Structures are given as C-alpha cells and as structure tokens.
Amino acid sequence: PYNIVKTSDEKYAIEIAIAGFSKDDIEVETKENTLVIKTIDKKDEEEDKTEYLHKGISARSFKRSFNLADDVVVKDATFENGLLIIDLERIVPEEKKPRKIFIR
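Residues numbered from 1 in each chain as written. Predicted model: local features only at pLDDT ≥ 70, side-chain atom pairs only at ≥ 80, totals over all residues. Heavy atoms only, no water.

Peer 1: Even after reading the chapter, I still don't get the pairing of strand E4 (residues 34-39), so can you show me in this structure?
Peer 2: Pairing of strand E3 (residues 26-31) with E4, which is carried by 6 bridges, proceeds in the antiparallel orientation. Bridge pairing links Thr-30 to Leu-35 in E4. Adjacent in sequence and paired antiparallel, E3 and E4 are bridged by 2 residues, among which Glu-32 carries a positive phi angle near 55°. Relative to strand E5 (residues 63-67), E4 is paired through 5 bridges, and the arrangement is antiparallel. In the strand pairing of E5, Val-36 is matched with Ser-65. (Pairing = 2+ DSSP bridges. Helix = DSSP H or I, 4+ residues; strand = E, 2+ residues; numbered from the N terminus.)

In structure tokens:
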C-alpha cells in the first residue's frame, strides 16, 4: 500500500508501507522517468531456521515502479517505523513558468 501526498505546489511525497523490512533490505533507484522501489535479494546470507506454527507476515520480495513526469526529480528518501517516504520535487523551467505581460 502507498500514498501520494502533495506537500506544496511543487513538492510531493510517496509513502510506502513496508513492514518487516529494514532500510538495508530496500533499494530505491531512478532510471529515465521511472522510480523503482524493490527489495534486495538476500537468499544466500542466512537460511531462516525458525519453526513457524502460523506465518501470516510475508517476507517475500517485491518491486514497485512509478512513472515520473519529465520535470519531477527525486530529492530524498527516508525510512522510519516501516514507512518509506520518497520526496519528489517538480522543477519548472523558467520559460514554462507563468509570467505577467505588461499592457501598454
């Protein structure tokens, strides 16, 4: 599950609930106009030897992609209490900003 939040006219945030993972288990990458969030595969590091009577919390890997507009850049990413927050900013070139025309 995720939220897309507008924090100001030119700033946005994507909030992704990632329970059961640490920030070392997650990779955030941008390529061209795509933001990709995925888990890092750690199969060979440690085999889980825990005996579960019921396993309702999934630990499977995931990959989630978001298409970004040409003028949107990723500014920062934070992870706290199972919530990954990715800050985005829309950079509008000067020639595309609205401007007032003086009337003579």
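This is not the end of the story, as more comes after the structure.
Peer 1: Would you mind going over the sheet that holds E5 with me for this structure?
Peer 2: Hydrogen bonds between backbone groups are what pair the strands of a sheet, and the pairing can be parallel or antiparallel. In space, the 3 strands of this open sheet follow the order E3-E4-E5, with antiparallel pairing throughout. Pairing within the sheet leaves two strands with one partner each, and these edge strands are E3 and E5. For this sheet, the mean angle separating the axes of adjacent strands, direction not counted, is 15°. (Axes fitted to C-alpha atoms, helices over the stretch in contact; angles between N-to-C directions.)

Peer 1: Honestly, the packing of aromatic side chains in this entry has me stumped. Any pointers?
Peer 2: The geometry of two aromatic rings is summed up by the distance between their centres and the angle between their planes. Under the definition given, this model contains 2 aromatic pairs. For the ring pair Phe-21 and Phe-62, a centre distance of 5.7 Å and an interplane angle of 70° mean the geometry is edge-to-face. On the criterion of sequence distance, the pair formed by Phe-21 in the loop between strand E2 (11-17) and E3 and Phe-62 in the loop between E4 and E5 is long-range, its members being 41 residues apart. The exposure class assigned to Phe-62 is partly exposed, which follows from its relative accessible area of 25%. (Phe/Tyr/Trp six-rings, centres within 6.5 Å; stacked < 30°, edge-to-face > 60°. Buried < 20%, exposed > 50% of the residue type's maximum accessible area, 1.4 Å probe, protein only.)

Peer 1: How should the nonpolar core be read in this particular structure?
Peer 2: Ranked by size, the top nonpolar core spans 13 residues in total, and within it Ile-16, Ile-18, Leu-35, Ile-37 and Leu-84 carry the most contacts. At the level of elements, E2, E4 and strand E7 (83-90) are the ones that each hand at least two residues to this core. Take this core: its biggest share by element is 3 residues, from E7. In this view, Leu-35 contacts Ile-14, Val-28, Glu-29, Thr-30, Arg-64, Ser-65, Phe-66, Leu-68, Val-74 and Ile-86; residues no more than four positions away in its chain are not counted. (Core = buried A, V, L, I, M, F, W, Y, C linked by side-chain atoms within 4.5 Å. Contact = heavy atoms within 4.5 Å.)

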